[in-house]
Amino acid sequence: MNFDEYLKSKVDEKKSAGLDWKLRRLGGMSVPRCKVEGKDVLMLCSNNYLGLSSHKKIIRAQITAAKQWGAGSGSVRVIAGTMDLHTQLEEKIAKFKHTPAALYFQTGFAANAGTIPAISGEGDLLVSDELNHGSIIDGVRLSKAQRTIYKHADAQDLARVLEEAATKGYTDKSGQKQSYNRLFVLTDGVFSMDGDVAPLDKITPVAKKHGAIIYVDDAHGDGVLGECGRGAASHFGLEGKIDIEMGTFSKALGVVGGYVSGSQALHDFLWNNARTFLLSGSAPPATVAGCMAALDIMESEPRHLKKLWKNTKYFKKQMKGAGFDTGNSTTPITPVMCGESIKAQNLSAELFEQGVFALPIVFPMVAKDKARIRVMMNAQLSTEDLELAVEKFVACGKKTGVLQG
Ligand SMILES: *Cc1c(COP(=O)(O)O)cnc(C)c1O
(Lines give C-alpha, C1' and ligand atoms only; values in the text may rest on other atoms or scores of the structure.)
Protein backbone atom coordinates (compact mmCIF):
# COMPACT_ATOMS: atom_id res chain seq x y z
CA MET A 1 0.00 0.00 0.00
CA ASN A 2 1.52 3.36 -0.93
CA PHE A 3 1.11 6.34 1.40
CA ASP A 4 -1.93 7.84 -0.33
CA GLU A 5 -3.63 4.43 -0.42
CA TYR A 6 -2.95 4.09 3.29
CA LEU A 7 -4.48 7.53 3.95
CA LYS A 8 -7.50 6.68 1.84
CA SER A 9 -8.01 3.38 3.65
CA LYS A 10 -8.02 5.25 6.97
CA VAL A 11 -10.68 7.67 5.75
CA ASP A 12 -12.69 4.77 4.30
CA GLU A 13 -12.64 3.11 7.72
CA LYS A 14 -14.19 6.24 9.21
CA LYS A 15 -16.72 6.45 6.38
CA SER A 16 -17.89 2.88 6.77
CA ALA A 17 -18.34 3.47 10.52
CA GLY A 18 -20.27 6.65 9.71
CA LEU A 19 -17.69 8.66 11.69
CA ASP A 20 -16.18 10.79 8.92
CA TRP A 21 -16.59 14.57 8.87
CA LYS A 22 -18.64 15.65 5.88
CA LEU A 23 -18.06 18.92 4.07
CA ARG A 24 -20.78 21.39 5.07
CA ARG A 25 -20.27 24.77 3.45
CA LEU A 26 -22.10 27.83 4.62
CA GLY A 27 -23.22 30.01 1.73
CA GLY A 28 -23.01 33.24 3.74
CA MET A 29 -22.79 34.59 7.27
CA SER A 30 -23.36 32.32 10.23
CA VAL A 31 -26.86 33.46 11.20
CA PRO A 32 -29.97 31.49 12.28
CA ARG A 33 -31.44 31.40 8.77
CA CYS A 34 -28.55 30.44 6.55
CA LYS A 35 -27.57 28.31 3.60
CA VAL A 36 -25.68 25.08 4.16
CA GLU A 37 -24.60 23.18 1.04
CA GLY A 38 -27.04 25.31 -0.92
CA LYS A 39 -30.01 24.43 1.29
CA ASP A 40 -31.90 26.99 3.40
CA VAL A 41 -31.69 25.82 6.99
CA LEU A 42 -32.16 26.89 10.58
CA MET A 43 -28.70 26.97 12.17
CA LEU A 44 -28.64 25.13 15.50
CA CYS A 45 -25.01 24.09 15.83
CA SER A 46 -22.91 27.22 15.76
CA ASN A 47 -20.90 28.35 18.81
CA ASN A 48 -21.73 31.93 17.88
CA TYR A 49 -24.00 32.09 20.97
CA LEU A 50 -24.72 35.82 20.87
CA GLY A 51 -24.79 36.29 17.11
CA LEU A 52 -21.78 38.61 17.36
CA SER A 53 -20.16 37.18 14.21
CA SER A 54 -22.62 39.24 12.17
CA HIS A 55 -22.69 42.29 14.47
CA LYS A 56 -22.33 45.47 12.41
CA LYS A 57 -20.15 47.29 14.96
CA ILE A 58 -17.64 44.45 14.96
CA ILE A 59 -17.54 44.21 11.19
CA ARG A 60 -17.10 47.99 10.95
CA ALA A 61 -14.26 47.91 13.46
CA GLN A 62 -12.59 45.20 11.42
CA ILE A 63 -12.85 47.14 8.16
CA THR A 64 -11.54 50.33 9.75
CA ALA A 65 -8.60 48.50 11.35
CA ALA A 66 -7.67 46.75 8.10
CA LYS A 67 -7.60 50.11 6.29
CA GLN A 68 -5.50 51.78 8.97
CA TRP A 69 -3.20 48.94 10.05
CA GLY A 70 -3.09 46.66 7.03
CA ALA A 71 -3.93 43.05 6.32
CA GLY A 72 -1.32 41.40 8.51
CA SER A 73 0.98 42.21 11.42
CA GLY A 74 4.19 41.24 9.68
CA SER A 75 5.81 39.17 12.39
CA VAL A 76 5.53 37.21 15.61
CA ARG A 77 4.52 39.30 18.59
CA VAL A 78 7.93 39.45 20.30
CA ILE A 79 9.86 40.57 17.20
CA ALA A 80 7.96 43.12 15.10
CA GLY A 81 4.38 41.83 15.31
CA THR A 82 3.06 43.75 18.29
CA MET A 83 1.00 46.74 17.20
CA ASP A 84 -0.67 49.23 19.52
CA LEU A 85 -3.84 47.28 18.79
CA HIS A 86 -2.53 44.06 20.32
CA THR A 87 -1.61 45.66 23.62
CA GLN A 88 -4.87 47.62 23.68
CA LEU A 89 -6.79 44.38 23.27
CA GLU A 90 -4.83 42.73 26.09
CA GLU A 91 -5.58 45.64 28.41
CA LYS A 92 -9.25 45.30 27.50
CA ILE A 93 -9.26 41.55 28.14
CA ALA A 94 -7.67 42.05 31.57
CA LYS A 95 -10.26 44.70 32.42
CA PHE A 96 -13.09 42.51 31.18
CA LYS A 97 -11.92 39.47 33.14
CA HIS A 98 -11.05 41.56 36.22
CA THR A 99 -7.50 40.23 36.25
CA PRO A 100 -4.23 42.20 36.44
CA ALA A 101 -3.05 41.15 32.95
CA ALA A 102 -3.82 39.08 29.87
CA LEU A 103 -1.98 37.68 26.85
CA TYR A 104 -3.70 37.23 23.48
CA PHE A 105 -2.93 34.11 21.42
CA GLN A 106 -3.92 33.34 17.80
CA THR A 107 -6.45 30.75 18.97
CA GLY A 108 -7.71 29.13 22.14
CA PHE A 109 -6.04 25.93 21.07
CA ALA A 110 -2.71 27.74 20.81
CA ALA A 111 -3.29 29.26 24.27
CA ASN A 112 -3.73 25.84 25.89
CA ALA A 113 -1.07 24.08 23.85
CA GLY A 114 1.42 26.87 24.59
CA THR A 115 0.63 27.71 28.19
CA ILE A 116 0.32 24.31 29.87
CA PRO A 117 3.75 22.96 28.82
CA ALA A 118 5.35 26.35 29.57
CA ILE A 119 4.11 26.67 33.16
CA SER A 120 4.71 23.05 34.17
CA GLY A 121 7.74 20.80 34.01
CA GLU A 122 9.60 17.88 35.50
CA GLY A 123 8.63 17.34 39.12
CA ASP A 124 5.17 18.85 38.68
CA LEU A 125 1.83 17.05 38.49
CA LEU A 126 -0.99 18.08 36.13
CA VAL A 127 -4.38 16.94 37.44
CA SER A 128 -7.01 17.12 34.73
CA ASP A 129 -10.79 16.56 34.66
CA GLU A 130 -11.35 13.36 32.66
CA LEU A 131 -13.61 15.18 30.17
CA ASN A 132 -11.41 18.20 29.44
CA HIS A 133 -11.17 19.60 25.92
CA GLY A 134 -8.66 18.12 23.47
CA SER A 135 -6.54 21.27 23.45
CA ILE A 136 -5.94 20.88 27.21
CA ILE A 137 -5.12 17.23 26.62
CA ASP A 138 -2.60 18.19 23.94
CA GLY A 139 -1.10 20.88 26.19
CA VAL A 140 -0.68 18.25 28.91
CA ARG A 141 0.93 15.86 26.42
CA LEU A 142 3.51 18.51 25.50
CA SER A 143 4.48 19.05 29.14
CA LYS A 144 7.36 17.27 30.88
CA ALA A 145 5.24 17.12 34.04
CA GLN A 146 3.57 13.95 35.30
CA ARG A 147 -0.15 13.74 34.64
CA THR A 148 -3.27 12.18 36.06
CA ILE A 149 -7.03 12.64 35.88
CA TYR A 150 -9.88 13.00 38.34
CA LYS A 151 -13.49 11.94 37.87
CA HIS A 152 -15.57 14.37 35.86
CA ALA A 153 -16.58 17.46 37.86
CA ASP A 154 -15.94 15.53 41.09
CA ALA A 155 -14.31 17.68 43.79
CA GLN A 156 -14.16 14.72 46.18
CA ASP A 157 -12.22 12.64 43.71
CA LEU A 158 -9.97 15.62 43.06
CA ALA A 159 -9.28 15.80 46.81
CA ARG A 160 -8.38 12.10 46.80
CA VAL A 161 -5.97 12.55 43.87
CA LEU A 162 -4.31 15.61 45.43
CA GLU A 163 -3.95 13.93 48.84
CA GLU A 164 -2.40 10.89 47.24
CA ALA A 165 -0.01 13.10 45.28
CA ALA A 166 0.97 14.99 48.43
CA THR A 167 1.64 11.84 50.48
CA LYS A 168 3.17 9.57 47.82
CA GLY A 169 5.05 12.02 45.61
CA TYR A 170 6.79 10.43 42.65
CA THR A 171 9.91 8.44 41.81
CA ASP A 172 12.50 10.32 39.76
CA LYS A 173 14.77 8.96 37.02
CA SER A 174 17.40 7.78 39.49
CA GLY A 175 14.77 5.86 41.47
CA GLN A 176 14.66 8.42 44.29
CA LYS A 177 11.41 9.27 46.02
CA GLN A 178 10.56 12.93 45.54
CA SER A 179 7.68 15.11 46.52
CA TYR A 180 6.03 17.07 43.75
CA ASN A 181 7.29 20.54 43.13
CA ARG A 182 3.94 21.97 42.03
CA LEU A 183 0.41 20.66 41.54
CA PHE A 184 -1.92 22.01 38.86
CA VAL A 185 -5.66 21.48 38.58
CA LEU A 186 -6.96 21.88 35.02
CA THR A 187 -10.62 22.07 34.11
CA ASP A 188 -13.01 23.32 31.47
CA GLY A 189 -15.36 25.93 32.93
CA VAL A 190 -18.23 24.62 30.81
CA PHE A 191 -17.99 21.15 29.28
CA SER A 192 -18.74 21.30 25.60
CA MET A 193 -20.39 17.90 25.11
CA ASP A 194 -22.81 17.92 28.06
CA GLY A 195 -23.13 21.64 28.76
CA ASP A 196 -22.54 21.16 32.49
CA VAL A 197 -20.53 23.71 34.47
CA ALA A 198 -17.45 22.68 36.47
CA PRO A 199 -18.27 23.06 40.20
CA LEU A 200 -15.56 25.66 40.73
CA ASP A 201 -17.07 26.61 44.08
CA LYS A 202 -16.08 23.12 45.30
CA ILE A 203 -12.98 22.55 43.16
CA THR A 204 -11.26 25.82 44.03
CA PRO A 205 -11.15 25.30 47.84
CA VAL A 206 -9.92 21.72 47.33
CA ALA A 207 -7.15 22.97 45.03
CA LYS A 208 -6.24 25.80 47.43
CA LYS A 209 -6.12 23.42 50.40
CA HIS A 210 -3.39 21.45 48.62
CA GLY A 211 -1.59 24.51 47.36
CA ALA A 212 -2.44 23.57 43.78
CA ILE A 213 -2.58 26.13 40.99
CA ILE A 214 -5.98 26.23 39.31
CA TYR A 215 -6.35 26.62 35.54
CA VAL A 216 -9.82 27.15 34.03
CA ASP A 217 -10.59 26.94 30.31
CA ASP A 218 -13.53 29.27 29.81
CA ALA A 219 -14.05 28.75 26.06
CA HIS A 220 -17.79 28.04 26.51
CA GLY A 221 -18.16 30.25 29.57
CA ASP A 222 -16.90 33.53 28.12
CA GLY A 223 -19.77 35.61 26.81
CA VAL A 224 -22.25 33.14 28.34
CA LEU A 225 -21.77 32.93 32.12
CA GLY A 226 -21.40 35.58 34.78
CA GLU A 227 -22.00 39.31 34.86
CA CYS A 228 -21.79 40.70 31.28
CA GLY A 229 -20.56 37.25 30.22
CA ARG A 230 -17.27 37.56 32.11
CA GLY A 231 -17.18 33.79 32.45
CA ALA A 232 -17.17 31.03 35.05
CA ALA A 233 -15.15 32.85 37.73
CA SER A 234 -17.67 35.70 37.73
CA HIS A 235 -20.55 33.18 37.72
CA PHE A 236 -19.25 31.61 40.95
CA GLY A 237 -18.08 34.85 42.57
CA LEU A 238 -14.51 33.54 42.36
CA GLU A 239 -12.87 36.45 40.58
CA GLY A 240 -9.31 36.83 41.81
CA LYS A 241 -9.28 33.22 43.10
CA ILE A 242 -8.57 31.39 39.84
CA ASP A 243 -4.83 31.51 39.15
CA ILE A 244 -5.04 31.10 35.40
CA GLU A 245 -8.03 31.73 33.16
CA MET A 246 -7.93 30.83 29.51
CA GLY A 247 -10.61 31.62 26.95
CA THR A 248 -11.45 32.24 23.34
CA PHE A 249 -12.96 34.82 21.02
CA SER A 250 -14.06 32.10 18.57
CA LYS A 251 -17.34 31.22 20.31
CA ALA A 252 -19.70 33.67 22.02
CA LEU A 253 -17.46 36.60 21.12
CA GLY A 254 -17.93 35.89 17.43
CA VAL A 255 -14.40 36.48 16.10
CA VAL A 256 -11.32 34.29 16.71
CA GLY A 257 -8.32 34.21 19.06
CA GLY A 258 -7.41 32.87 22.49
CA TYR A 259 -6.17 34.48 25.64
CA VAL A 260 -4.73 33.69 29.04
CA SER A 261 -5.46 36.06 31.89
CA GLY A 262 -4.01 36.23 35.38
CA SER A 263 -1.14 37.98 37.12
CA GLN A 264 1.39 40.29 35.46
CA ALA A 265 4.05 37.71 36.33
CA LEU A 266 2.10 35.05 34.42
CA HIS A 267 1.77 37.41 31.44
CA ASP A 268 5.50 38.17 31.38
CA PHE A 269 6.42 34.52 31.79
CA LEU A 270 4.19 33.39 28.91
CA TRP A 271 5.43 36.28 26.75
CA ASN A 272 8.88 34.72 27.09
CA ASN A 273 8.06 31.01 27.18
CA ALA A 274 4.82 29.97 25.47
CA ARG A 275 6.05 28.44 22.24
CA THR A 276 2.79 28.68 20.30
CA PHE A 277 2.91 32.41 21.06
CA LEU A 278 6.62 32.94 20.41
CA LEU A 279 6.91 31.00 17.17
CA SER A 280 3.76 31.91 15.29
CA GLY A 281 2.73 35.11 13.53
CA SER A 282 0.48 37.45 15.49
CA ALA A 283 -3.19 38.00 14.69
CA PRO A 284 -4.07 40.44 11.89
CA PRO A 285 -5.24 43.95 12.85
CA ALA A 286 -8.83 43.36 11.70
CA THR A 287 -9.12 40.34 13.96
CA VAL A 288 -7.70 42.20 16.96
CA ALA A 289 -9.98 45.19 16.41
CA GLY A 290 -12.94 42.83 16.04
CA CYS A 291 -12.15 41.24 19.41
CA MET A 292 -11.98 44.67 21.05
CA ALA A 293 -15.35 45.64 19.59
CA ALA A 294 -16.82 42.33 20.81
CA LEU A 295 -15.69 43.07 24.39
CA ASP A 296 -17.20 46.56 24.18
CA ILE A 297 -20.51 45.05 23.08
CA MET A 298 -20.49 42.62 26.01
CA GLU A 299 -20.55 45.58 28.36
CA SER A 300 -22.71 48.01 26.37
CA GLU A 301 -25.38 45.66 24.96
CA PRO A 302 -26.51 43.22 27.66
CA ARG A 303 -29.61 42.35 25.60
CA HIS A 304 -27.77 39.65 23.63
CA LEU A 305 -26.85 37.72 26.77
CA LYS A 306 -30.37 38.10 28.19
CA LYS A 307 -31.89 36.80 24.97
CA LEU A 308 -29.47 33.85 24.87
CA TRP A 309 -30.63 32.71 28.31
CA LYS A 310 -34.28 33.39 27.53
CA ASN A 311 -34.01 31.23 24.41
CA THR A 312 -32.09 28.56 26.31
CA LYS A 313 -34.77 28.24 29.01
CA TYR A 314 -37.60 28.29 26.49
CA PHE A 315 -36.06 25.69 24.18
CA LYS A 316 -35.10 23.27 26.98
CA LYS A 317 -38.59 23.54 28.49
CA GLN A 318 -40.31 22.90 25.14
CA MET A 319 -38.04 19.96 24.30
CA LYS A 320 -38.52 18.35 27.72
CA GLY A 321 -42.26 18.92 27.43
CA ALA A 322 -42.20 17.13 24.07
CA GLY A 323 -40.59 14.12 25.75
CA PHE A 324 -36.91 14.59 24.87
CA ASP A 325 -34.09 13.91 27.31
CA THR A 326 -31.88 17.02 27.27
CA GLY A 327 -29.32 15.71 29.75
CA ASN A 328 -27.99 17.68 32.70
CA SER A 329 -26.87 20.81 30.90
CA THR A 330 -27.29 24.11 32.72
CA THR A 331 -26.00 26.20 29.81
CA PRO A 332 -27.08 27.03 26.23
CA ILE A 333 -25.42 23.78 25.09
CA THR A 334 -28.44 21.48 24.79
CA PRO A 335 -27.77 17.80 24.17
CA VAL A 336 -30.75 15.91 22.78
CA MET A 337 -30.02 12.36 23.91
CA CYS A 338 -30.56 9.67 21.28
CA GLY A 339 -28.89 6.49 22.57
CA GLU A 340 -27.00 4.61 19.85
CA SER A 341 -24.92 6.52 17.30
CA ILE A 342 -27.07 5.46 14.38
CA LYS A 343 -30.15 7.04 15.93
CA ALA A 344 -28.41 10.38 16.39
CA GLN A 345 -27.08 10.23 12.84
CA ASN A 346 -30.51 9.38 11.40
CA LEU A 347 -32.18 12.14 13.38
CA SER A 348 -29.64 14.70 12.24
CA ALA A 349 -30.01 13.64 8.60
CA GLU A 350 -33.80 13.77 8.85
CA LEU A 351 -33.65 17.22 10.47
CA PHE A 352 -31.42 18.49 7.70
CA GLU A 353 -33.90 17.18 5.13
CA GLN A 354 -36.53 19.21 6.98
CA GLY A 355 -34.37 22.35 7.03
CA VAL A 356 -32.84 22.15 10.51
CA PHE A 357 -29.06 22.03 10.80
CA ALA A 358 -28.04 20.25 14.03
CA LEU A 359 -25.17 17.81 14.17
CA PRO A 360 -24.82 14.51 15.99
CA ILE A 361 -22.11 13.88 18.57
CA VAL A 362 -21.23 10.21 18.63
CA PHE A 363 -18.55 7.81 19.86
CA PRO A 364 -15.61 8.40 20.37
CA MET A 365 -16.52 11.97 21.38
CA VAL A 366 -19.08 10.58 23.84
CA ALA A 367 -19.81 7.07 25.18
CA LYS A 368 -21.29 4.55 22.70
CA ASP A 369 -24.79 4.61 24.22
CA LYS A 370 -24.78 8.37 24.82
CA ALA A 371 -24.97 9.65 21.25
CA ARG A 372 -26.84 12.91 20.96
CA ILE A 373 -27.69 15.86 18.79
CA ARG A 374 -25.97 18.88 20.28
CA VAL A 375 -28.13 21.95 19.88
CA MET A 376 -26.37 25.24 20.55
CA MET A 377 -28.78 27.96 21.61
CA ASN A 378 -28.35 31.38 20.06
CA ALA A 379 -29.52 34.88 20.98
CA GLN A 380 -30.57 35.62 17.41
CA LEU A 381 -33.14 32.82 17.22
CA SER A 382 -36.70 34.14 17.27
CA THR A 383 -39.62 32.48 19.05
CA GLU A 384 -40.86 31.31 15.64
CA ASP A 385 -37.44 29.78 14.94
CA LEU A 386 -37.55 27.92 18.25
CA GLU A 387 -41.10 26.72 17.68
CA LEU A 388 -40.12 25.48 14.25
CA ALA A 389 -37.08 23.72 15.72
CA VAL A 390 -39.17 21.90 18.34
CA GLU A 391 -41.84 20.97 15.79
CA LYS A 392 -39.20 19.48 13.46
CA PHE A 393 -37.47 17.69 16.32
CA VAL A 394 -40.76 16.08 17.32
CA ALA A 395 -41.65 15.01 13.77
CA CYS A 396 -38.15 13.72 12.95
CA GLY A 397 -37.73 12.25 16.44
CA LYS A 398 -40.82 10.10 15.96
CA LYS A 399 -39.78 9.08 12.47
CA THR A 400 -36.35 7.93 13.63
CA GLY A 401 -37.52 6.28 16.84
CA VAL A 402 -35.68 8.72 19.13
CA LEU A 403 -39.05 9.88 20.43
CA GLN A 404 -41.52 7.15 21.37
CA GLY A 405 -45.18 7.27 20.38
C1 LIG B 1 -13.23 25.58 21.36
C2 LIG B 1 -12.45 25.28 22.56
C3 LIG B 1 -11.08 25.56 22.61
C4 LIG B 1 -10.33 26.07 21.42
O5 LIG B 1 -10.60 27.41 21.16
P6 LIG B 1 -10.29 28.02 19.72
O7 LIG B 1 -10.12 29.47 19.99
O8 LIG B 1 -11.46 27.73 18.85
O9 LIG B 1 -9.04 27.38 19.22
C10 LIG B 1 -10.41 25.33 23.78
N11 LIG B 1 -11.05 24.81 24.87
C12 LIG B 1 -12.36 24.52 24.85
C13 LIG B 1 -13.01 23.97 26.07
C14 LIG B 1 -13.10 24.73 23.69
O15 LIG B 1 -14.39 24.42 23.68
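Refer to the preceding data block for the structure.
Residues numbered from 1 in each chain as written. Predicted model: local features only at pLDDT ≥ 70, side-chain atom pairs only at ≥ 80, totals over all residues. Heavy atoms only, no water.

A. Layout of the overall build of the protein chain. When helices and strands are counted, the protein chain shows 14 helices and 15 strands. Computed over its C-alpha atoms, the radius of gyration of the protein chain comes to 22 Å, within 12% of the 22 Å expected for a compact globule of 405 residues. By principal-axis analysis of the C-alpha atoms, the protein chain measures approximately 65 × 55 × 55 Å. By the burial criterion, 53% of the 405 residues in the protein chain qualify as buried. Long-range contacts, defined here as pairs at least 24 residues apart, represent 70% of the contacts in the protein chain between residues at least 6 apart. Summed over all atoms, the accessible surface of the protein chain reaches about 18500 Å², with 54% contributed by carbon and sulfur. Charge separation in the protein chain, taken as the distance between the mean sites of 50 positive and 44 negative side-chain charges, equals 3 Å. (Helix = DSSP H or I, 4+ residues; strand = E, 2+ residues; numbered from the N terminus. Rg over C-alpha atoms; globule rule 2.2 N^0.38 Å. Buried < 20%, exposed > 50% of the residue type's maximum accessible area, 1.4 Å probe, protein only. Contact = heavy atoms within 4.5 Å. Areas by Shrake-Rupley, 256 points an atom, 1.4 Å probe, with all protein chains shown as cover. Lys, Arg positive; Asp, Glu negative; His and termini not counted. Charge placed at Lys NZ, Arg CZ, Asp CG, Glu CD.)

B. Local environment of the pattern of salt bridges. A complete count under the given rule lists 24 salt bridges for this structure. Between Lys209 and Glu163 there is a salt bridge, with the nearest N and O atoms lying 3.9 Å from each other. Taken together, the residues Lys209 in helix 7 (residues 200-209) and Glu163 in helix 6 (residues 155-168) connect sequence positions 46 residues apart. Glu163 sits in the partly exposed class, given a relative accessible area of 40%. Between Arg230 and Glu227 there is a salt bridge, with the nearest N and O atoms lying 2.7 Å from each other. By relative accessible area, which is 5% here, Arg230 ends up buried. Within the structure, one salt-bridge network assembled from shared partners comprises Lys97, Asp218, Asp222 and Glu245. (Salt bridge = Lys/Arg side-chain N within 4 Å of Asp/Glu carboxyl O.)

C. Fine view of the sheet that holds strand 13 (residues 356-357). One open sheet accounts for three strands, arranged 1-2-13; its pairing is mixed. What marks the edges here is a single partner per strand, and that holds for strand 1 (33-36) and strand 13. By the bridge criterion, two bridges tie strand 2 (residues 39-43) to strand 13 in an arrangement that is parallel. In the sheet register, Met43 faces strand 13, and the bridge partner there is Phe357. Contacts from helix 14 (residues 383-399) reach strand 1, strand 2 and strand 13 within the one sheet, and its direction differs from that of strand 2 by about 100°. (Pairing = 2+ DSSP bridges. Axes fitted to C-alpha atoms, helices over the stretch in contact; angles between N-to-C directions.)

D. Focus on the packing of helix 2 (residues 56-69) against helix 11 (residues 285-300). At a minimum axis distance of 8 Å, the contact between helix 2 and helix 11 shows a crossing angle of 145°. Crossing handedness for the pair helix 2 and helix 11: right-handed. Across from Lys57, Ile58, Ala61, Gln62, Ala65, Ala66 and Trp69 in helix 2, the residues of helix 11 making contact are Pro285, Ala286, Ala289, Gly290, Ala293, Ala294 and Ile297. (Left-handed = near helix turned anticlockwise from the far one by under 90°.)

E. Spotlight on the site of the ligand. Near the ligand, the surroundings consist of 13 residues, among which Gly108, Asp217, Thr248, Ser250 and Lys251 are the closest. The side chain of His133 places a nitrogen or oxygen atom 3.3 Å from a nitrogen atom of the ligand. Within the side chain of Thr248, a nitrogen or oxygen atom sits 2.5 Å from an oxygen atom of the ligand. For the ligand, whose free accessible area comes to 390 Å², the fraction covered by protein is 88%. Here the residues of the shell around the ligand sort into two nonpolar, eight polar and three charged. (Near = heavy atom within 4 Å. Polar contact = N/O pair within 3.5 Å; in protein donor to acceptor, adjacent residues only side chain to side chain. Nonpolar A, V, L, I, M, F, W, Y, C, P; charged D, E, K, R; others polar.)

F. Spatial organisation of the sheet that holds strand 14 (residues 360-361). Judged by pairing direction, the sheet is antiparallel, and its three strands sit side by side in the order 12-15-14 without closing on themselves. Every interior strand has two partners, whereas the edge strands, strand 12 (333-339) and strand 14, have only one. Looking at chain direction, strand 14 and strand 15 (residues 371-376) are connected through two bridges and run antiparallel. Among the inter-strand pairings, Pro360 is bridged to a residue of strand 15, identified as Ile373. Contacting strand 12, strand 14 and strand 15, helix 13 (residues 341-353) crosses the sheet at an angle of about 40° to strand 15.

G. Seen up close, helix 14. Taking 1.5 Å per residue as the helical rise, helix 14 with its 17 residues ought to reach 24 Å, and the 24 Å between its terminal C-alpha atoms agrees with that figure. Looking at helix 14, one finds that the buried residues are Asp385, Leu386, Ala389, Val390, Lys392, Phe393, Cys396 and Gly397. Once helix 14 finishes, Gly401 follows within two positions and takes phi at roughly 80°, a positive value. (Expected span 1.5 Å × (residues − 1).)

H. Here's a closer look at the packing of helix 4 (residues 108-119) against helix 5 (residues 134-142). In contact at an axis separation of 7 Å, helix 4 and helix 5 are set at 30° when each is read in the N-to-C sense. By the angle class used here, helix 4 and helix 5 are roughly parallel. Judged by the twist between their axes, the crossing of helix 4 over helix 5 is right-handed. Contacts between helix 4 and helix 5 involve Phe109, Asn112, Ala113, Ile116 and Pro117 on the former and, on the latter, Ser135, Ile136, Asp138, Gly139, Val140 and Leu142. (Parallel < 35°, antiparallel > 145°, perpendicular 65-115°, else oblique.)

I. Focus on helix 9 (residues 264-273). Among the residues making up helix 9, those that are buried are Leu266, His267 and Leu270. Along the axis of helix 9, the buried residues cluster in a sector spanning 100°; they form a single face. Those residues of helix 9 that are exposed and aimed more than 90 degrees away from the buried face are Ala265 and Asn272. As for helix 9, its buried residues are in contact with helix 3 (84-97), strand 3 (101-105), helix 4, strand 10 (244-248), strand 11 (258-262) and helix 10 (275-278). (Arc of directions from axis to C-beta.)

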